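This is what each chain is made of:
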Amino acid sequence: MSNKKYFGYAGKILTVDLSSSDYVVKDTPFDLIVNFMGGKGFGAKILYDELKPGCDPLSEENIMVVATGPLTGTLMPASGHITLSTKSPLTGIWLDSHCAGFLGPELKMAGYDAIIIKGKAKKPTVLVIKDDGVSFEDGRDIWGKFTFESQELLRKKYGENCQFMCIGPAGERKARFANIVSGGRGFGRGGSGAVMGSKNLKAVVVKGTRGIGIYDLDGFMRICTEAYNELTVSPDTGGGRPKYGTNSIYSFMIEAGAHPIKNFQTGVFKAVKECNEDVLDKKYYKRHIACFSCPINCSKASRVDDGKYKGKFTEGPEYENMWSLGAQCGNSNIGSIIYGEHLCDEYGLDAISTGNVIGFTMECFEKGILSEKQIGFPTNFGNDDAIIKFIKMMAKGEGVGELMSQGVRQMSKELGKGTEKFAMHVKGMEIPAYDPRGAFGMGLAYATSDRGACHLRAWTLGDEILDVRDRMDPFATEFKAELVKNQQDFFAVIQSAVVCLFLNFGLTQRHITRCLQSLTGIKEWKTTEDILKIGERIYNLTRLFSMREGISAKDDTLPQRLLREPTKEGPTKGVVVDLDTMLKEYYLIRHWDREGRPAKEKLIELGLDKYKV
Amino acid sequence: MPIADHKKCTGCRICEIICSIQHHKEMNPKLAMVRINSNWPWEDKVIICRQCKKPKCVEACEYEAIERVDGCLRIDEDKCTACLECVKACPFEGVVVSEITGKPIFCDTCNEEYLCVKWCPHQVLSKT
């Protein structure tokens, strides 16, 4: 039976207090729905209102908001996502992290739009959420176990077709970029796994049988049919992405010099002949995997059939990790990338940050800042054995791995010796797989992303590199501010709706709006402008959240390497990012002042005027 | 009769969603008459009744709870004791068990329209 009060929503929010093993269920407030939609929006509003400013992210004061959106779990393509918002232990600021797969739909089937997790359990705990109630169960028997093994044991205990959130040993010991795994997917970035670990929460088990109601069935079916057709004919979502997964862009990025090599020292990858999407497809991909309601199936099951890593497998490796454990470390051994990615998931580490830190450590070794004696073994770029060793050391906190697992910002702070110039992070979040010297828009995207360096708050590569008909000059600053701002607002909508960002490669904003309208029937969401206003509201509120935690314009920047150190070869030879020009324009378009503070008029326009700047 | 080519299945569950919309006007895979069983990451398998002419499930049911109505197998929930002998008897692993009732649910073919077949993005399901 579905909730008939609000179509598209489960209609309830569950608040759990791990300290007292209590929980409360309340109706999802309508003004929260209308103004913040779901997912990231719910997280922004709830955390801004309820989280104590300045609290330690790893203390029991921190809160996790795990939220779905109206489109989650529906026939709308790629609706398997779910959002987690919290204060990040890696950056100390706003964090929203998104997980694909099947958890989001299951949570709605269990009857909840969101779970708010507070407090700290006295001993390792498994939170079990089912149709008929919530229970706090002993998690000591799986504490210390890998994520995949833990999920198998939980499945045996709680039945088939449960969905999970689960941390591994890295999250348990609060490694600052520990992730949370769900099936073969995860909440990757920013250390949400460490927050879960700090709460002694080993896993959340979700199982439900409730349905989702539809306001205008015929209209909704029409727009969904149209959406599936559009995705099929798009050359991206109907062509490259289903075949190669997220690696469909791999060669394009290498060609453009936008794929950073050896910790962003160069944009030229000499090993590309043996390490690219075609090799992956022919030699390693064994089958396609889709998330809930997704015809794109960008995920792959890969296995190594011969050589040193024979028998190793992963769900992936996706583009980001092909970079982080590959080119970033000067490594072209795909077997080691597959094994490395599996290890990251098994131990519960964000593979992007993991690879970024390893690349940084390799550069420190080659520059003599870290010695073989300090590390325990030689770690030149391209040493795949070292990559595997480092992953385990970071997960367990062994040797130099303990420092590495605190993130590249903290690591460079402790090492000193000018390492901050090539510690590749923004606001403490490690930079992912695009070099802004090959696409300036990504420089602005990283500098202004609300959770620190991130490629999923704005992704300008489509316009700057991939678009064949109407390509922007990747080395120009013109129009980049507008592009980044518009994407940030729209992506905030997608991440609150909550569906997969890849819909952006086949559908328009109008599709999303029409789908929301026919599903929910909410009168206030009449036009695309209404919907985008919600996105802008959310993006401004996460900005206010991070400013309250001490962020200002001086933090909206990039590492020195990108601003002052031109690459010496390849398509980006001699280029540095002109961030200042883009940033000034960005503030202007956002109606933020020179200090990066949202102007009062903007806050009034967005209905956020009761919030302090 | 729907036939599944499991190798092509990506596990997206669009078949389950469309089935629940068609029969219940809401989105709830747990009500679907077709089911995806996942063996991550190597296999997703479609469970659906093939409407056999001589159904082994009917033979196996000692409570006579499975009957043929308008050409389709159907469970009589009052007679069914959820012993699931029918599940074991089906040579095609085609019996879906409801997570809600614990009893089998049989595909009713959407009046031979088979919306799951129509909506499957990878032609995993086909009619014969």
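Right, let's talk about the domain arrangement of chain B for a bit. How big an interface is tends to be reported as the loss of accessible area on association of its parts. Its domain assignment divides chain B into domain 1 (1-48 + 107-128) and domain 2 (52-92). Between the C-alpha centres of domain 1 of chain B and domain 2 of chain B there is a distance of 20 Å.

Residue and element names in this part refer to chain A. Strands sit in the order S2-S1-S6-S3-S4-S5 across an open sheet of 6 strands; the sheet is mixed. With partners counted over all chains shown, the strands left at the sheet margins are strand S2 (22-27) and strand S5 (94-99), one partner each. Taken pair by pair, the neighbouring strands of this sheet meet at an average axis angle of 15°, ignoring direction. For strand S3 (residues 64-67) and strand S4 (residues 82-87), the ladder comprises 3 bridges, and the chain directions are antiparallel. If you follow Val-65 over to S4, its bridge partner there is Ser-85.

What follows deals with the packing of aromatic side chains. Residue and element names in this part refer to chain A. Tallied over the full model, the rule gives 23 aromatic pairs over all chains. Both rings, one in Phe-360 and one in Phe-422, keep their centres 5.4 Å apart while their planes meet at 40°; by these two values the pair is tilted. With Phe-360 in helix H13 (residues 351-366) and Phe-422 in the loop between helix H17 (408-415) and strand S17 (425-426), this residue pair connects regions lying 62 residues apart in the sequence. Accessibility classification places Phe-360 together with Phe-422 in one group, the buried group. Ring centres 5.3 Å apart and planes at 75° place the aromatic pair Trp-459 and Phe-505 in the edge-to-face group. Remark: Phe-505 occurs in the loop between helix H20 (480-497) and helix H21 (509-520) and Trp-459 occurs in the loop between helix H18 (440-448) and helix H19 (461-466); sequence separation between them is 46 residues. A network of ring pairs unites the aromatic residues Tyr-250, Tyr-319, Tyr-434, Trp-459, Phe-502 and Phe-505 as a single cluster.

What follows deals with the state of the cysteines. Residue and element names in this part refer to chain B. Under the defined criterion, the tally for this structure stands at 0 disulfides over all chains. Sulfur of Cys-12: no disulfide; nearest cysteine sulfur belongs to Cys-120 and is 6.3 Å away. Accessibility expressed as a relative area gives 8% for Cys-12, which makes it buried. In this structure Cys-52 is a free cysteine whose sulfur lies 6.1 Å from that of Cys-90, the closest cysteine sulfur available.

Bringing the interface of chain B and chain A into the picture now. Every contact between the two is made by 26 residues of chain B and, on the other side, 42 residues of chain A. Carbon and sulfur atoms make up 66% of the surface buried where chain B meets chain A, a total of about 2700 Å² over both sides. On the chain B side of the contact with chain A, Met-27, Trp-40 and Trp-42 of chain B bury the most area, a combined 28% of that side's loss. There are 2 salt bridges connecting chain B and chain A. Here Asp-44 of chain B and Arg-287 of chain A are joined by a salt bridge, their closest N and O atoms 2.8 Å apart. At the junction of chain B with chain A, the criterion picks out 13 residue pairs in polar contact (both at pLDDT 80 or more). Elements with a minimum of two residues in the side of chain B that touches chain A: helix H1 (14-24), strand S2 (26-27) and strand S4 (43-47) of chain B. For the side of chain B that touches chain A, the leading source of residues is H1 of chain B, giving 4 residues. For the side of chain B that touches chain A, the class distribution of residues is 14 nonpolar, 4 polar and 8 charged. Direction of pairing for strand S13 (residues 212-213) of chain A relative to S2 of chain B: antiparallel, over a ladder of 2 bridges. Within the sheet, the bridge partner assigned to Gly-213 of chain A lies in S2 of chain B and is Glu-26 of chain B.

Considering all chains together, one arrives at 47 salt bridges over all chains under this definition. One continuous salt-bridge network, built from bridges that share partners, spans Lys-485, Asp-489, Lys-533, Glu-536, Arg-590, Lys-602 and Glu-605 of chain A.

Turning our eyes to something else, we now look at the packing of helix H7 (residues 217-233) of chain A against H21 of chain A. All names here are of chain A. Their axes nearest at 8 Å, the elements H7 and H21 cross at an angle of 155°. The angle between the axes of H7 and H21 places the two elements in the roughly antiparallel class. Between H7 and H21 lies a crossing whose hand is left-handed. Residues Gly-219, Phe-220, Ile-223, Glu-226 and Glu-230 of H7 touch H21, and the partners they reach there are His-511, Arg-514, Cys-515, Ser-518 and Leu-519. Considered class by class, the residues forming the contact of H7 with H21 number 4 nonpolar, 3 polar and 3 charged.

Our focus in this paragraph is the layout of surface pockets. Here the largest pocket defines a volume of roughly 1100 Å³. Taken together, 31 residues form the lining of the largest pocket, with Gly-462, Asp-463, Leu-466, Asp-467 and Phe-505 of chain A sitting closest to its centre. Among the secondary structure elements, those contributing two or more residues to the lining of the largest pocket are helix H8 (236-244), helix H9 (250-255), H19 and H20 of chain A. Split into classes, the residues belonging to the lining of the largest pocket amount to 14 nonpolar, 10 polar and 7 charged. Of the residues that make up the lining of the largest pocket, three or more belong to each of domain 2 (242-403) and domain 3 (436-605) of chain A. Computed from the structure, the second largest pocket encloses a volume of approximately 680 Å³. Looking at the second largest pocket, it is lined by 34 residues, and the ones nearest its centre are Arg-155 and Gly-183 of chain A together with Ser-38, Asn-39 and Trp-40 of chain B. Mapped onto the lining of the second largest pocket, the elements with two or more residues apiece are helix H4 (147-158), strand S9 (163-166), strand S14 (285-289) and strand S16 (313-315) of chain A together with strand S3 (35-39) and S4 of chain B.

On to helix H22 (residues 528-548) of chain A, then. All names here are of chain A. Counted at 1.5 Å a residue, the expected span for H22 with its 21 residues is 30 Å, and the 30 Å between its end C-alpha atoms agrees. Most of H22 is tucked away: 16 of the 21 residues are buried. Phi turns positive, to about 110°, at Gly-550, one or two residues after H22.

Caution applies to low-pLDDT parts of the model: their predicted coordinates are not meant to be read in detail. Overall, the prediction assigns chain B a mean pLDDT of 95, with 100% of residues at 70 or greater. By mean pLDDT, the top-scoring element of chain B is H1 of chain B (98), and the lowest-scoring one is strand S1 (residues 2-4) of chain B (86).

On to the packing of H21 of chain A against H22 of chain A. Residues and elements named next belong to chain A. Orientation of H21 relative to H22, taken along the N-to-C sense of each, is 95°, at an axis distance of 9 Å. It follows that H21 is roughly perpendicular to H22 by the angle criterion. On H22, the residues touching Gln-509, Arg-510, Thr-513 and Leu-516 of H21 are Thr-528, Ile-531 and Leu-532. Among the residues making up the contact of H21 with H22, the classes are represented as 3 nonpolar, 3 polar and 1 charged.

This part takes up the nonpolar core. If you look at the biggest cluster of nonpolar residues, it comprises 177 residues, and the most contacted ones within it are Leu-75, Phe-390 and Trp-525 of chain A. With residues near it in sequence (within four places) discarded, Leu-75 of chain A still touches Phe-220, Met-221, Cys-224, Tyr-228 and Ser-293 of chain A together with Ile-14, Ile-17, Ile-18, Ile-21, Met-27 and Trp-119 of chain B. Core analysis: the next-biggest nonpolar cluster, separate from the first, contains 31 residues, Cys-9, Met-33, Cys-49 and Val-124 of chain B among them.

This part takes up the domain arrangement of chain A. All names here are of chain A. Taken as a whole, chain A is organised into domain 1 (12-207), domain 2 (242-403) and domain 3 (436-605). Computed over C-alpha atoms only, the centres of domain 2 and domain 3 are separated by 27 Å. Residue-level contacts link 21 residues of domain 2 with 16 residues of domain 3. A buried area of about 1400 Å², summed over both sides, lies between domain 2 and domain 3, and 67% of it is on carbon and sulfur atoms. The three residues of domain 2 that bury the most area against domain 3 are Met-253, Ala-256 and Phe-264, which together make up 30% of that side's buried surface. Our count for the domain 2 to domain 3 interface comes out at 1 salt bridge. For the salt bridge of Glu-363 with Arg-561, the shortest nitrogen-to-oxygen distance reads 2.6 Å. The interface formed by domain 2 and domain 3 includes 5 residue pairs in polar contact (both at pLDDT 80 or more). Counting only elements with at least two residues in the side of domain 2 that touches domain 3, the list comes to H9 and H13. Grouping the amino acids of the side of domain 2 that touches domain 3 by side-chain chemistry returns 10 nonpolar, 6 polar and 5 charged.

Reading guide: rules and limits
Residues numbered from 1 in each chain as written. Chains lettered and ligands numbered in written order. Predicted model: local features only at pLDDT ≥ 70, side-chain atom pairs only at ≥ 80, totals over all residues. Heavy atoms only, no water. Domains from an automatic or database assignment. Pairing = 2+ DSSP bridges. Helix = DSSP H or I, 4+ residues; strand = E, 2+ residues; numbered from the N terminus. Axes fitted to C-alpha atoms, helices over the stretch in contact; angles between N-to-C directions. Phe/Tyr/Trp six-rings, centres within 6.5 Å; stacked < 30°, edge-to-face > 60°. Buried < 20%, exposed > 50% of the residue type's maximum accessible area, 1.4 Å probe, protein only. Disulfide = S-S within 2.5 Å. Contact = heavy atoms within 4.5 Å. Buried area = accessible area lost by both parts, 1.4 Å probe. Salt bridge = Lys/Arg side-chain N within 4 Å of Asp/Glu carboxyl O. Polar contact = N/O pair within 3.5 Å; in protein donor to acceptor, adjacent residues only side chain to side chain. Nonpolar A, V, L, I, M, F, W, Y, C, P; charged D, E, K, R; others polar. Parallel < 35°, antiparallel > 145°, perpendicular 65-115°, else oblique. Left-handed = near helix turned anticlockwise from the far one by under 90°. 1 Å grid on protein atoms, 1.4 Å probe; cavity = no way out; pocket = protein on both sides within 12 Å on 5 of 7 lines; lining within 4 Å. Points joined across faces, edges and corners; volume = space filled by probe spheres on them. Expected span 1.5 Å × (residues − 1). pLDDT = per-residue confidence, 0-100. Core = buried A, V, L, I, M, F, W, Y, C linked by side-chain atoms within 4.5 Å.

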